[in-house]
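# Observations on chain architecture
The residues making up each chain are set out below.
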Amino acid sequence: LFEGERQLFGITDAMTRGQSERLAMLSVEAFETTSIKPKDLTHIGVTLGPGSFTGLRIGLSFAKGLAAGVGIKLKGAGTLEALAQHGDLLKASRMAVVNGGRGQIYVQRVAGEQTFTPEILDQNDEAGLIAFAAAHPTDILTGPAAVLISHYWPQAEMFAQDWPELKTLARLTLTDTAYDDLTPLYMREADAIASTRGIITLESTGS
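Presented here is an overview of the structure given in this document.

Conventions adopted
Residues numbered from 1 in each chain as written. Predicted model: local features only at pLDDT ≥ 70, side-chain atom pairs only at ≥ 80, totals over all residues. Heavy atoms only, no water. Phe/Tyr/Trp six-rings, centres within 6.5 Å; stacked < 30°, edge-to-face > 60°. Lys NZ or Arg CZ within 6 Å of the ring centre and 35° of its normal. Salt bridge = Lys/Arg side-chain N within 4 Å of Asp/Glu carboxyl O. Buried < 20%, exposed > 50% of the residue type's maximum accessible area, 1.4 Å probe, protein only. Patch = residues over 30% accessible without salt bridge, like charges linked within 9 Å, V, L, I, M, F, W, Y side chains within 5 Å. Areas by Shrake-Rupley, 256 points an atom, 1.4 Å probe, with all protein chains shown as cover. Helix = DSSP H or I, 4+ residues; strand = E, 2+ residues; numbered from the N terminus.

### Structural notes on the packing of aromatic side chains
Here the structure, examined in full by the defined rule, presents two aromatic pairs. Across the ring face of Phe116, the terminal group of Arg109 is positioned such that the distance to the ring centre comes to 4.1 Å.

Have a look at this one:
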């Protein structure tokens, strides 16, 4: 919870499961600790990914429900973009890095005022990574997976971030660059897909 740039309440809780139950309790804690009421909110922000399919759905669904409940607009920010827009990094060329799993690395580059489209790198493609690093030098690597590819940018400084800074997320929520389109940013297809087999229905035939 922020008032302008002043943080009234903030908490980060690293979890692998149980997020749907914990998220609601954290929100209650935020309101009770600060005595702020949901109706007092003027903006709600949510990250859109990339991230886990389940985690993104849980976070976005909760944020949509809260925004609808208090009658205010919801804004979105990309996770990679939020990592790259940390207040201490704004004057440098930098690249945010997260682990996409299955040997995939998700990156997003920012140079000056230009933010590039997120890209997928193959962690096992050494020649491809060498070529990418040569074509895209950067001053700073940041994000939870930066260490996995840092040796391809030996001159780059490492800026530790396991997740976006809350202050950065709050700032992005209030900017014109925040997204009105709340479509989750999935970098690959879901592991689970809908069955294409027929659906059996049981209908009453009467007596």
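The structure having been displayed, the exposition proceeds.
### A few points about the pattern of salt bridges
Per the counting criterion, the structure on display carries six salt bridges. Between Lys39 and Asp40 there is a salt bridge, with its nearest N and O atoms 3.6 Å apart. Taking relative accessible area as the criterion, Asp40 reaches 40% and is therefore assigned partly exposed. Salt bridges sharing common partners tie together Lys73, Lys75 and Asp180.

### What about a nonpolar patch on the surface?
A surface patch of nonpolar side chains, about 250 Å² in accessible area, is lined by Val147, Leu148 and Met158. Along the chain, Met158 falls in strand 10 (residues 157–159). Note on Met158: relative accessible area 41%, which makes it partly exposed.

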